Amino acid sequence: MKVLKKSELRRAYLNRREAMGEEEVFLYSERIKRGVKSLPDFKDAKKILLYCPIKNEPDLTSLIWESISLGKEALLPKVDGDRLRIYKVEHSNQLKPGSFCILEPEDGTQVEPEEVDLALVPGIVFDAKGYRIGFGKGFYDRLLKRVKGVKVGVAYSFQVLEEIPVDSWDEPVDLLITETYILKGGKKYEY
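From a predicted model like this one, the values you see are computed outputs, not experimental measurements.

Peer 1: Describe the sheet that holds strand β9 (residues 132–133), naming the residues involved and giving the relevant values.
Peer 2: Within a sheet, adjacent strands bond to each other through the backbone by hydrogen bonds, running parallel or antiparallel. What the 3 strands build is an open sheet, ordered β9-β8-β11; its pairing is mixed. Two strands lie at the open edges of the sheet, namely β9 and β11 (160–161), each paired on one side alone. Where strand β8 (residues 125–127) lies against β9, 2 bridges are found, and the strand directions are antiparallel. The residue bridging Val125 from the neighbouring strand is Ile133, located in β9.

Peer 1: Would you mind going over unusual backbone geometry in detail, with residue names and values included?
Peer 2: The general pattern is negative phi for most residues beyond glycine and trans for most peptide bonds. For Lys55, which is not a glycine, the phi torsion comes out positive at approximately 50 degrees. Owing to a relative accessible area of 42%, Lys55 belongs among the partly exposed residues under this scheme. Located in the positive-phi region is Asn56, a residue other than glycine, with phi close to 65 degrees. A relative accessible area of 26% means that Asn56 is categorised as partly exposed.

Peer 1: So, the nonpolar core: which residues are in play, and what are the values?
Peer 2: The biggest cluster of nonpolar side chains holds 56 residues, and the ones touching the most others in it are Val36, Leu50, Leu60, Leu120 and Ile177. What Leu60 contacts, discounting residues up to four positions off in sequence, is Ser29, Ile32, Lys33, Val36, Leu50, Tyr51, Leu120 and Val154.

Peer 1: Residue-level account of the environment of Glu190, with values.
Peer 2: You can see Glu190 is positioned in strand β14 (residues 187–190). A sequence separation of 81 residues divides Glu190 from Thr109, and the C-alpha atoms of the two residues are 37 Å apart.

Peer 1: With reference to specific residues and values, describe the environment of Asp117.
Peer 2: Here Asp117 is to be found in the loop between β6 (110–111) and β7 (118–122). The partly exposed category is assigned to Asp117, whose relative accessible area is 31%. For Asp117 and Leu50, which are 67 residues apart along the polypeptide, the C-alpha to C-alpha distance reads 11 Å. Excluding anything up to four places from it in sequence, Asp117 contacts Ala45, Lys46, Lys47, Gly149 and Val150. At 2.9 Å, the side chain of Asp117 forms a polar contact with the backbone nitrogen of Lys46.

Cut-offs used in this document
- Residues numbered from 1 in each chain as written.
- Predicted model: local features only at pLDDT ≥ 70, side-chain atom pairs only at ≥ 80, totals over all residues.
- Heavy atoms only, no water.
- Pairing = 2+ DSSP bridges.
- Helix = DSSP H or I, 4+ residues; strand = E, 2+ residues; numbered from the N terminus.
- Buried < 20%, exposed > 50% of the residue type's maximum accessible area, 1.4 Å probe, protein only.
- Core = buried A, V, L, I, M, F, W, Y, C linked by side-chain atoms within 4.5 Å.
- Contact = heavy atoms within 4.5 Å.
- Polar contact = N/O pair within 3.5 Å; in protein donor to acceptor, adjacent residues only side chain to side chain.

Coordinates in, geometry out; function isn't part of it.
Laid out in structure tokens, this is it:
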């Protein structure tokens, strides 16, 4: 059996994700959001790193505002050169299209990655060990090296494979949440 390269997996699974319908993305995103909110790590977290979705990524945007209403700090990444910086989000008019047309904080209080309690991490493909393939720029790998809190991969179940190619600089997530299960330590917990 031929092992696919990262670029081939990226293209195939991005195409599959982009082919999803609006209703399917909404339904699966809501299930994933419920899974995130059920985590003790979410309940205990004071500073939560989220993301703004592109290309049919699970849409957890409402968690930004829910986190704030629960007294937590909602954080979003912003591209700065070849790395991501993290900013506290306090209001929606703080968000503007930035690099790659992704909504990101235009201004605000910068937060160091080491301060993040819970990081929600998108990806195109994940494996059972928590490794991920993103868009290939390494932004999240560089950021995740510094995050001391719990790193949670967020994906649809079809994006999770048994194994993917891994490079020395790849940073795994601690657990993975899909629309039907949580994967932690190689074990699947359906919900």
